[in-house]
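The lines below spell out each chain.
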Amino acid sequence: MSNSIQDVTTQLLMSPKRWLVTGGAGFIGSNIAEFLLTTKQDVTVLDNLSSGHIENVNFLESVAKKHNASFKFVHGDITDYKTCLMATSNMDYISHQAAVGSVPRSIERPLDSHINNVDGTLNIFLAAKESNIKRIVYASSSSVYGDSLELPKQENKIGTPLSPYAITKLINEIYAKNFSQIYQMDTIGLRYFNVFGPRQDPNGAYAAVIPRWIKSLVDNKPVVIFGDGETSRDFCFIKNVVQMNILAATTEDQKAINQVYNVACAEATSLKQLYQIIVTHLSDHYPHVKNLDITYEDFRSGDIRHSLADISKAEELLKYKHTHTISKGMSEYIPWYVKQL
Ligand code: NAD
């Protein structure tokens with residue numbers, strides 16, 4: 001039987017475990033690590049700081065101190081097998097988040113995506129097997145649905161990947177399934193849809209749409225939409241993603257293990273609607289954003305037109321209940337963002 005997140009949290013507090021979070025200096029990994037530290041778990045973060053930040057590590061150190069939890073940072077690379085072996089030894093659970101993200105980046109630099117996401121993940125899986133780890137939960141992506149036009153996206157119906165990034169995530173899933181068969185490893189893959197929330201990086205050419213737009217608006221610059229604005233996504237606040245990671249790592253339901261799950265809210269939001277949601281929340285702090293305009297540019301190659309998840313598998317097998325709609329998530333995220341400035 002799977003337990004609710006409240007039950008799991010209580011159990012973790014009573015009986016702390018050792019967790020390795022790869023990519024824990026990044027956006028999603030640092031939020032998972034933060035939750036674990038607040039529940040007094042013993043957390044190690046392995047990160048090469050390629051897109052993650054030392055400030056996130058410092059923040060996690062302060063959370064650990066506050067909650068009297070044990071925290072260790074390993075500045076290392078998952079493409080190095082020895083580092084993976086060292087980091088995985090003595091762990092109870094592995095939350096594997098490290099990867100080179102972004103579809104456009106993978107189109108420009110496919111080899112980087114492959115080496116970090118495929119070779120790196122294989123190293124982590126193999127090291128986990130050698131270290132007899134109970135369970136590995138790894139980050140997959142909605143990009144594996146590729147050219148499938150089916151909506152909403154159901155886990156068992158994928159198309160052909162549209163980018164090197166999507167290929168790397170699909171290969172991860174294939175390895176995970178194979179490792180569960182040949183080595184009896186417990187693996188669970190989480191296909192994140194567009195995640196947003198605190199500590200998502202707004203900077204750089206490959207920044208995700210929500211922090212990039214908020215930054216542009218605050219800086220008094222118009223937002224750029226690629227396409228006609230009707231492209232839609234299932235935007236998912238980070239707290240829902242953390243919940244799924246914890247449920248996946250701890251479920252004891254055999255039917256729930258060695259599976260992949262969509263992680264989303266089952267809510268389609270077009271880019272034009274997203275813009276309005278952001279402006280509504282941001283204008284409480286920065287009234288000038290109401291006067292800015294959208295600039296439209298060409299569609300980007302590799303982007304899928306619509307993405308909407310069916311989340312019933314996670315609800316049924318993992319007892320996932322998303323706590324934050326896009327609007328509720330934005331009402332927590334924007335004040336956090338503004339406070340950082
Ligand atoms: P992020 O860039 O903030 O975090 C990734 C982290 O991995 C960074 O801290 C980076 O320094 C680290 N890293 C990269 N390569 C590494 C390597 N070779 N060795 C060690 N550390 C390495 O990105 P994120 O948004 O937090 O993404 C986390 C995971 O979720 C990734 O696997 C990503 O592909 C996946 N994902 C994210 C989204 C999203 O919307 N953010 C959607 C789908 C999938």
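Higher on the page you've got the structure.
A short tour of the structure in this document, coming up.

So, how was this worked out
Numbering of residues starts from 1 in each chain and follows the order in which that chain's sequence is written. Reporting of local features is limited, given that this is a predicted model, to residues whose pLDDT is at least 70; pairs of side-chain atoms are given and counted only at 80 or more, and all residues count toward the totals for whole chains, interfaces and linings. To obtain the side-chain values, all non-hydrogen atoms of the structure were included, while hydrogens and water were left out. A pairing counts as a salt bridge when a side-chain nitrogen of Lys or Arg comes within 4 Å of a carboxyl oxygen of Asp or Glu. Only protein chains enter the accessibility calculation, which uses a 1.4 Å probe; a residue whose area is less than 20% of its type maximum is buried, one above 50% is exposed, and one in between is partly exposed. Note on conventions: DSSP H or I runs of at least 4 residues are helices, E runs of at least 2 residues are strands, and numbering of each starts at the N terminus. Proximity is defined per residue: if any heavy atom of the residue lies within 4 Å of a molecule or strand, that residue is considered near it. In the analysis that follows, any N or O atom pair within 3.5 Å is treated as a polar contact, provided that within protein one partner can donate a hydrogen and the other can accept it, and provided that, for residues neighboring in sequence, both atoms belong to side chains. In these tables, accessible area is a Shrake-Rupley quantity obtained with a 1.4 Å probe, and a residue counts as shielded only by the protein chains included in the view. Residue classes follow a fixed rule: Ala, Val, Leu, Ile, Met, Phe, Trp, Tyr, Cys and Pro count as nonpolar, while Asp, Glu, Lys and Arg count as charged, and any other residue, Gly among them, counts as polar.

## Describing the pattern of salt bridges
Tallied over the entire structure, the rule returns 13 salt bridges. Across the salt bridge formed by Lys 129 and Glu 130, the nearest N and O atoms sit 2.9 Å from each other. Residue classification places Lys 129 among the partly exposed residues on the basis of a relative accessible area of 26%. Relative accessible area serves as the criterion here: at 44%, Glu 130 is assigned to the partly exposed category. Note that Lys 272 is salt-bridged to Glu 230, the shortest N-O span being 3.3 Å. Here the residue Lys 272 occupies a position in helix α10 (residues 271-282), and Glu 230 occupies one in the loop between β8 (223-226) and β9 (232-233), the gap between them amounting to 42 residues. Classification of Lys 272 as partly exposed rests on a relative accessible area of 34%. Owing to a relative accessible area of 38%, Glu 230 belongs among the partly exposed residues under this scheme.

## Some words on the site of the ligand
Residues in contact with the ligand amount to 27 residues; listed here are only the nearest, Ile 28, Asp 47, Ser 51, Asn 116 and Tyr 165. One nitrogen or oxygen atom from the main chain of Gly 26 is found 3.0 Å from an oxygen atom belonging to the ligand. Gly 52 places a polar main-chain atom, nitrogen or oxygen, 2.9 Å from an oxygen atom of the ligand. Coverage of the ligand by the protein chains reaches 90% of its 820 Å² of free accessible surface. Of all elements in the fold, only α2 (27-38), β5 (135-141) and α7 (164-182) reach the threshold of two or more residues within the shell around the ligand. With 3 residues, the top contributor of residues to the shell around the ligand is β5. Here the residues of the shell around the ligand sort into 12 nonpolar, 12 polar and 3 charged.

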